[in-house]
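# Per-entry structural report
In case you want the letters, here they are:
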Amino acid sequence: MVKKHRKNNFFIVPYFAIIFFVSIWNTADANTDSSVDISTVELSNVECLLNWAQTFHPNLFSPLVSGVQSSPPFTYRFYPVTNSYLGVSSDDNHVYYLGPDGISPKDIGELSTFLNESGCGQTTHPVIFIHGLDSSADTWVSYRNYLINNAGWLFGGIPTYDPETKTVNINCPSDLDFPNACSGGAGNFYTLNFSNNQDLTLDVLGGELADIVKAVLANNPGTTKVILIGHSSGGLAARGYLQGLARVLDSTSTIPYREDVAKLITVGTPHQGSFWAQACHANLDLFDIINNVGICDLLPGDIDSDSIAVQELQPDSAAINTLNDLINHPLPISVLYVSIIGTGQPTLTSIVDFQDGDGIVSDSSQDLINLSGTSALQQKSTKIVIPFRECANEIEIPIIDNVGQTHTCETTDITIGAEILRNLQ
């Protein structure tokens, strides 16, 4: 359940959760210009890492700097505002940092460790980003641009399922800064579009995803699995495919899971449904607010309270109950599962009861671990507080007072972005 938001300031908010960089040499001269001793492949990885550092840690590395300097054995950048150096030594392939105190360089550890942390280096599987309710591939634009411009990933494009021809077309968007950044075919990652995501059931969305996964693998010969990242209801569509519940529209036959997913990362996904959907669909008198503003308006845009999507996202809907019947429809144990949980907003779980969450989905509903029958799965969950900012929304409810949501901020949140990167390897 998410509205699309174009945010060009993605990853600009200071991020303090990971303090890991350390040490560059205290004798390095920022003006030195000599040949780089690191290979082209390694240099690309070093630049990716430096881009990641200054993007996620602007409090330590400012302003934004491009390119690298060299003072053998170091390849580095100097940040004049924070008076700091960050670089890598070709002698030991370790990361070094020197701060404004200039006391002594500190060695944090191996470059390879931080390449995994930052999502740099060789990707093991193509990644498919899945949008949620009443949204599109555009919800991932800021993250897409980061992966292209800062991580050097090749964008495969936007795979879209055509229900008329029952085929998948992969196209490149027109808003890319670098036309060659999108192939329209092979790539490291993709941001899909469902054909319709208010009037299709979750199992049909899963069917479209099944064909999109197949098309992505066909465009990347030699690969056999993908990584799926689903925001909100997009995570439920992914589960529908994994659990063998997916189907083509107007067909009762289900599509078997093809053992072609390495990992499922869900972000703000209502694994147990959302009371927001129940209240929105019911049009409860409690939420009939001044100026015709109601609970549906927590998500900006044209949400149809009677849509199939809103009905299926209610707790204990037939769709949710079927997905959560893991005895008859188990999740494959070969897949790794990560639940990224948005918190920080009181979230209605009944008419007057609140629980922590993102204002739309409670924290317990976002956590796949809470489902009965998941103990044998390889899984982890991480709670992240989402700050209330422009992408958020708030409505006034009599008696209850204001209710807000940051659910729509999750696909542009810096901390969630860091957690996604951390889990891609």
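As a starting point, this report considers the structure included with it. Predicted, not measured: the structure shown is a model, and the values here were computed from it. (Residues numbered from 1 in each chain as written. Predicted model: local features only at pLDDT ≥ 70, side-chain atom pairs only at ≥ 80, totals over all residues. Heavy atoms only, no water.)

### Examining unusual backbone geometry
Omega for the bond connecting Ser62 with Pro63 falls within 30 degrees of zero, at 0 degrees, which places this linkage in the cis form. The topology assignment puts Pro63 in the loop between helix 1 (40-56) and strand 1 (69-71). Each neighbour pair has its own omega, and for Pro72 with Pro73 the value is 10 degrees, a cis peptide bond. If you trace the backbone, Pro73 turns up in the loop between strand 1 and strand 2 (74-79). A positive phi angle, close to 50 degrees, is found at Asp134, a residue other than glycine. Despite not being glycine, Lys166 shows a phi value in the positive range, around 55 degrees. Within the element layout of this structure, Lys166 appears in the loop between strand 7 (155-162) and strand 8 (167-171). (Helix = DSSP H or I, 4+ residues; strand = E, 2+ residues; numbered from the N terminus.)

### Notes on the sheet that holds strand 7
Taken in spatial order, the eight strands make up an open sheet running 8-7-9-6-10-11-12-15, and their pairing is mixed. Lying at the two open borders of the sheet, with one neighbouring strand each, are strand 8 and strand 15 (378-385). On average, each strand axis in the sheet is tilted by 20 degrees relative to the strand beside it, whichever way the strands run. (Pairing = 2+ DSSP bridges. Axes fitted to C-alpha atoms, helices over the stretch in contact; angles between N-to-C directions.)

### Examining helix 4 (residues 202-218)
Between its terminal C-alpha atoms helix 4 stretches 24 Å, which fits the 24 Å expected from 17 residues at 1.5 Å a residue. Most of helix 4 sits out of view: 13 of its 17 residues are buried. (Expected span 1.5 Å × (residues − 1). Buried < 20%, exposed > 50% of the residue type's maximum accessible area, 1.4 Å probe, protein only.)

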